[in-house]
Amino acid sequence: MQQVLFKISVPVIAVALGLLVGGIIMLTSGYNPLLAYQALFSVLVTEPYFIGETIRQMTPLILSGLAVAFAFRTGLFNIGVEGQLLVGWLASVYVGIAVEGVSAFIHIPLAILAGALAGALWGLVPGYLKARFKVHEVITTIMMNYIALHVTNSIIRTFLLAPGERTGEIQPSASLSSMFLQEMTDFSRLHYGIIVAILGALLMWYLLWKTTTGYELRAVGFNQNASNYAGINVPKNIILSMCISGAFAGVAGAMEGLGTYQYMTINAAFTGVGFDGIAVALLGANSAIGIILAAGLFGGLKIGALNMQAVAQVPPELITIVIALIIFFVASSYLVHWLRNRINKRGKI
Amino acid sequence: MDIMQILGIIIPTAIFAATPLILTALGGVFSERSGVVNIGLEGLMMMGAFVGAVFTFYGETWGFGSLSPWFSFLVAIIIGGVFALLHAVASITFKADQVVSGVALNFLAAGLTIFLVKKIFDAGQTPYLNERIFKSDVPVLSDIPIIGPLLFGSAYVTSYVAIALAIVVWFIIYKTPFGLRLRAVGEHPMAADTMGINVTKMRYVAVMLSGAFAGLGGAVYATSISGNFTHSTIAGQGFMALAAMIFGKWHPLGALGAALFFGLAQSLSITGQQIPVLQDIPYVFLLISPYVLTILALAGFVGRADAPKAIGKPYEKGKR
């Protein structure tokens, strides 16, 4: 029980500290933090539009968080979610446009699968290089991000260009958007993707904790040498983990393509969803349920920030600062451990 | 178009584009040689570019004239060093995962710079700078036949500063006691500790130096290449510098060479349209070439690159 409480205390303290320091920054730059935070949080419980947008924002965040967490579980750090997301987005939109005359029950899964495959392929490269040549995945995944950005832009520009620097719209049969959900939430862009995201979280939990493959993946994450000694094929598991991680990221991209936008734009810069996934996974302690909660928090902060700007004139970038601070504090959990040890020692003596 | 004309287009642009990368990559060498991964170079560069743009602007209004950019460099070096402290505190003292802490630093810089720009200028970007670093001919040297115009004609002073600094950093890391300690801390911190080297202090200094260099790199970018600061001014140059450092095998002169090479690759994507053979290569291949090459280099196709041994590991006294 104490263990569980402690595990929960790290993210909770981190969030509280992040919001606190964010408030101090607001105060010193002449804004009213109380008014700002009130504006931020109140709409998230009262306004259907903001609730809908928050859930929409959560969808890719959950999936990119799952992608980062899955790799973490195997002892790998996937910073390439951003790139995997972009190729997944493009692949799903391509299938959404090119395949015609099939029912939604075939078209949607097909398009999502295409996104997952593209993401997996993008994860395969760093995974293979790590397994075969011991190349550190952090650098290769960053490089793969830039390659994805330029390659997807180039493919759109050469083959799929429509007016407005983007691809054409996907077929209605591939769309996840729903008039019902939109009307219910005051015409936010909420779509059915959230169901896919939650299924994704379930899948990750099941894969990791209920299958032999999952056991092996986690074992490799704990100790590669011991796993090797126990007869687990370490390189195979590294590659597999990066592929599955990439597949989650690819599906996150598919949610943007099939749900929120119905097309893909030429991106001048990264979407940021992939990097936010790192924050989500960290705060969610790499567990399925934690990731859903963390995605809810970050999604809410990002959407609520718009109202914060409208009411208290605070630039929404403040929320990026708060998120960064939360990551710092979660990463520095040693600080919390150290404090606890000190208190424990004092209590005994 | 003869070969001299082609080189006359490519080489000066390559050196120009490489300058901020060289400076930032040198910062990376310091940090990583001490055993601290610094993914935060991107954020540090962003901070530097922000400071460079803001203080050049204020330098103009305060009447510093053409010295304004140089004044901003000084501020960027200081702010960069101080900003890097966050990474140092988290990753060294609080033993946070260095990659995570670096990622957080990038986030923080992205949020903080735009937050401050909006606060100060009430707009999403700084005004355009009048006093920038401009091209100039180096007297005498630019009159040398053939190489004179290529290397010393219409060049930027900052480029020479960066190249000179690379040599200085090489000297510091390989020829001074400080450099020896720095490398010892990065290779085998416990042995270094046994020899009486303060591991924590060395790492703090190294990370702050990386911030100072990356800050300068960012400021040079703002005052010579972009001319103002927006959210998209620094978009990947920090990661590119990181790649240059790795491609250069964690060696200052290697990093210099790699940065120049990446500068060349970048300049080809800019000047490629004017050059015969390159016109036929799809633009995207030129754009992705630095990243693909880095991956190939890491995979060992360009020669083995060995990172400092203790990289990425927090040092705990007495733990084996």
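You'll find the structure just up there.
Notes on the structure follow. Each residue is numbered by its place in its chain's sequence as written, counting from 1. A letter from A marks each chain and a number from 1 marks each ligand, given out in the order of writing. Local features are withheld for residues below a pLDDT of 70 in this predicted model, meaning they are given only at 70 or higher, and side-chain atom pairs are given and counted only at 80 or more; totals for whole chains, interfaces and linings count all residues. As a rule here, side-chain values cover all heavy atoms of the structure and leave hydrogens and water aside.

**Here's the deal with the side chain of T74 of chain A**
Residue and element names in this part refer to chain A. Helix and strand assignments follow DSSP, with helices taken as H or I runs no shorter than four residues and strands as E runs no shorter than two, numbered in order from the N terminus. With respect to the secondary-structure elements, T74 resides in the loop between α3 (48-73) and α4 (81-98). What makes T74 buried here is its relative accessible area of 0%. By the criterion applied in these results, polar contacts are pairs of N or O atoms within 3.5 Å in which, for protein atoms, one can donate a hydrogen and the other can accept it, and in which residues neighboring in sequence qualify only through two side-chain atoms. Here F70 takes part through its backbone oxygen, which lies 3.1 Å from a polar atom of the side chain of T74. In this description, contact between two residues means that some pair of their heavy atoms is separated by no more than 4.5 Å. In this structure T74 touches L217, V220, G221, N237 and S241, once residues within four positions along its chain are discounted. Between buried and exposed lies partly exposed: a residue is buried under 20% and exposed over 50% of the maximum accessible area for its type, with that area taken using a 1.4 Å probe on protein chains only.

**Concerning the packing of helix α12 (residues 273-283) of chain A against helix α13 (residues 288-312) of chain A**
In a packed pair of helices, the relevant descriptors are the angle between the two axes and the axis-to-axis distance. Residues and elements named next belong to chain A. All axes here are fitted lines through C-alpha atoms, helices being fitted over the stretch that makes contact, and every angle between N-to-C directions spans 0 to 180 degrees. It is the contact of α12 with α13, at a shortest axis distance of 8 Å, that shows an interaxial angle of 130°. Considering their axes alone, α12 and α13 lie oblique with respect to each other. Handedness of the α12/α13 crossing: right-handed. For the pair formed by α12 and α13, the contact residues are D276, A279, V280, A281 and L283 on the first element and I291, A294, A295, L297, F298 and K302 on the second. Amino acids are sorted into nonpolar (Ala, Val, Leu, Ile, Met, Phe, Trp, Tyr, Cys and Pro), charged (Asp, Glu, Lys and Arg) and polar (every other residue, Gly among them). Partitioning the contact of α12 with α13 into residue classes produces nine nonpolar, no polar and two charged. Roughly parallel covers angles under 35 degrees, roughly antiparallel covers those over 145, roughly perpendicular covers 65 to 115, and oblique covers all other angles. Handedness of a crossing is defined here by the sense of rotation of the near helix relative to the far one, left-handed for an anticlockwise turn of less than a right angle and right-handed for a clockwise turn.

**Looking at the pattern of salt bridges**
Residue and element names in this part refer to chain A. Here, a salt bridge means any Lys or Arg side-chain nitrogen found within 4 Å of an Asp or Glu carboxyl oxygen. The full count for this structure, using the stated rule, is seven salt bridges over all chains. One salt bridge in this structure joins E165 and R157, with 3.9 Å as the shortest N-O distance. Salt bridges sharing partners connect three or more residues here, namely E53, R56 and R189.

**Observations regarding the interface of chain A and chain B**
In this assembly, 39 residues from chain A lie in contact with 39 residues from chain B. Two parts placed together each lose some accessible area under a 1.4 Å probe, and adding up what both lose gives the buried area. For the pairing of chain A and chain B, the buried interface totals around 3,600 Å² over both sides, and the portion due to carbon and sulfur atoms is 84%. The shortest N-O distance in the salt bridge between K118 of chain B and E317 of chain A comes to 3.0 Å. When residues of the side of chain A that touches chain B are traced back to their parent elements, those giving at least two are α5 (104-133), α6 (137-160), α12, α14 (317-331) and α15 (333-348) of chain A. Considering each element in turn, the side of chain A that touches chain B owes the most residues, eleven residues, to α6 of chain A. Taken together, the residues of the side of chain A that touches chain B break down into 31 nonpolar, six polar and two charged.

**Some points on the environment of Y128 of chain A**
All names here are of chain A. Relative to the helices and strands, Y128 is located in helix α5. A residue is classified by how much of its surface remains accessible, and Y128, at 41% relative accessible area, is partly exposed. Here the alpha-carbon distance between Y128 and N225, two residues 97 residues apart in the chain, equals 18 Å. Residue contacts for Y128: discarding those within four places in its chain leaves F133 and I239.

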